[in-house]
Amino acid sequence: MKVFLSALEASPEFKEIDKKIDKYLYNLMSYYYIRNSDNYKAILDKSKEILIDSGAHSFQKGKRVDWERYTKEYADFIHKHDEEKILGYFEMDIDPAGYPYKYVLRLREILMRKSNKIIPVWHKNRGIEDFKDMCKNPIHKDRIVAITGFKNEDIKDEDYIWFVRYAHAHNCKIHCLGMTRRNILDKVPFDYVDSSSWKQQSLHGKAGKIKVGRSFSKAKRHEVMYYSYLEGMKMQIEYYIKWRNYHKD
Amino acid sequence: MSKLKIEYMNVNDLILYINNPRINDHAVDVVASSIKEFGFKNPILIDRENVIIAGHTRLKAAKKLGLKEVPVIRVEDLTENQIKAFRIADNKTAEFADWDIELLNIELESIGETFTGFDEVEKEMFKSVEEIEKRLDEYQAPKEEYFCCPKCKYEASKEEFKK
């Protein structure tokens, strides 16, 4: 299992963290942040593998967004910057925000015109047959499909195993977005997950098992973030080793 | 090749290797369950000084179960360097073999609930494609969580409260 650490590109402390780390393992970046940031290239160069999220959920709730324009810009970005170590690009899954699935498919079409590495993200409103179809007829060249890992959003905890087994039975790899819960990661062999818990923890005054308190000074903030990111890397190694016999890659 | 000789030693006379590169505390319980179910069938390997070469988890499990003695095999035909290498190789080489899922599933089903080290979720991983399909067909979306306002007792979804 490869755990992609997310939110590094959007961290104000990125430059300080980046100075101290020679090589990253797996990072997930959001197009929403990297479209206007030079952190993207630095992270890409030093990472082993990268996933790019559309950033569709990063907009403020209720804000009017020209989704077609945003998607076209995302597609152009993909076309311009694609390279081998980028495993894939998540689609514009805005249906949970109330947009019809047909509209999502139209946005998906825009992305697919520019890349064969688009990862569809299944949500419950699409129905279970749609998940099966995603696995039987994958659009990603390496057959990557995605589900969501937020508790009780799309999938009950006890059902994750069946989604994974179904994807694997159809020779697909499965990513679980935002799945950070260790009780699930220890039991269910997702191929890929992403986690920003390293950052969340440090914002709450924790660096791994060390409690640093929320009142740490601004000057020390990048130190805490750096140690938190290292803890995240330890988690990447832990889960890679734990599941390596199952996945064999 | 010299023949192996099994002897029995007091658990307190065995010494854990200080640089053992295996993380095994989380595995102690499952090994203890195995010993409880089947007995101590796999002797611990030790060197001339009673330092463990292979079997750190088994020793911890034996102590947890309150065993006074365990079977050991003393390795006397390896150099210090070979012992260090074997300590790693014994664990590493075990990782290379794979499960034949079809046969494993048949075996697991034939023994029912008898302890094997596989938990229920892992056993579900070995189900047939038809069974997986059937389980997915039974998919039900999680119920929306409702929250209650502590003041006015109004009930609504998390989303509505966010607004």
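Each value, and the rule that gives it
Residues numbered from 1 in each chain as written. Chains lettered and ligands numbered in written order. Predicted model: local features only at pLDDT ≥ 70, side-chain atom pairs only at ≥ 80, totals over all residues. Heavy atoms only, no water. Helix = DSSP H or I, 4+ residues; strand = E, 2+ residues; numbered from the N terminus. Rg over C-alpha atoms; globule rule 2.2 N^0.38 Å. Buried < 20%, exposed > 50% of the residue type's maximum accessible area, 1.4 Å probe, protein only. Contact = heavy atoms within 4.5 Å. Areas by Shrake-Rupley, 256 points an atom, 1.4 Å probe, with all protein chains shown as cover. Lys, Arg positive; Asp, Glu negative; His and termini not counted. Charge placed at Lys NZ, Arg CZ, Asp CG, Glu CD. Buried area = accessible area lost by both parts, 1.4 Å probe. Salt bridge = Lys/Arg side-chain N within 4 Å of Asp/Glu carboxyl O. Polar contact = N/O pair within 3.5 Å; in protein donor to acceptor, adjacent residues only side chain to side chain. Nonpolar A, V, L, I, M, F, W, Y, C, P; charged D, E, K, R; others polar. Axes fitted to C-alpha atoms, helices over the stretch in contact; angles between N-to-C directions. Parallel < 35°, antiparallel > 145°, perpendicular 65-115°, else oblique. Left-handed = near helix turned anticlockwise from the far one by under 90°.

Engineer: Any chance you could break down the overall build of chain A for me, citing the residues and the numbers?
Structural biologist: Helix and strand content of chain A: 10 helices and 10 strands. What you see for chain A is a C-alpha radius of gyration of 18 Å, in line with the 18 Å of a compact globule of 249 residues. Taking the principal axes of its C-alpha atoms as reference, chain A extends roughly 50 × 40 × 35 Å. Out of the 249 residues in chain A, the part that is buried amounts to 55%. Restricting to contacts in chain A with at least 6 residues of sequence separation, those with at least 24 account for 64%. About 11700 Å² of surface is accessible on chain A, with carbon and sulfur atoms providing 49% of the total. Each charge sign in chain A was given a centre, from 47 positive and 36 negative side chains, and these centres are 3 Å apart.

Engineer: Break down the interface of chain B and chain A for me, citing the residues and quoting the values.
Structural biologist: Taken together, the contacts link 21 residues of chain B with 27 residues of chain A. Buried area between chain B and chain A, both sides added, is near 2300 Å², and the carbon and sulfur share of it is 60%. When the buried surface of chain B facing chain A is broken down by residue, M125, L136 and Y139 of chain B rank first, second and third, together holding 30% of it. In this structure, K132 of chain A and D137 of chain B form a salt bridge, with 2.3 Å as the shortest nitrogen-oxygen distance. Inspection of the region where chain B meets chain A yields 4 residue pairs in polar contact (both at pLDDT 80 or more). Examining the composition of the side of chain B that touches chain A, we find that 6 residues originate from one element, helix α6 (residues 129-137) of chain B, more than from any other. For the side of chain B that touches chain A, a count of residues per class yields 9 nonpolar, 1 polar and 11 charged.

Engineer: Go over the packing of helix α1 (residues 28-38) of chain B against helix α2 (residues 56-64) of chain B, please, and point to the residues and values.
Structural biologist: Residue and element names in this part refer to chain B. Two elements in contact, α1 and α2, have axes whose closest approach is 8 Å; the angle formed by their N-to-C orientations is 70 degrees. As judged from the angle between their axes, α1 and α2 are roughly perpendicular. The hand of the α1/α2 crossing is right-handed. Mapping the contact onto sequence places V28, D29, V31, A32 and I35 in α1 and T57, R58, K60, A61, A62 and K64 in α2. Tallied by class, residues from the contact of α1 with α2 come to 6 nonpolar, 1 polar and 4 charged.

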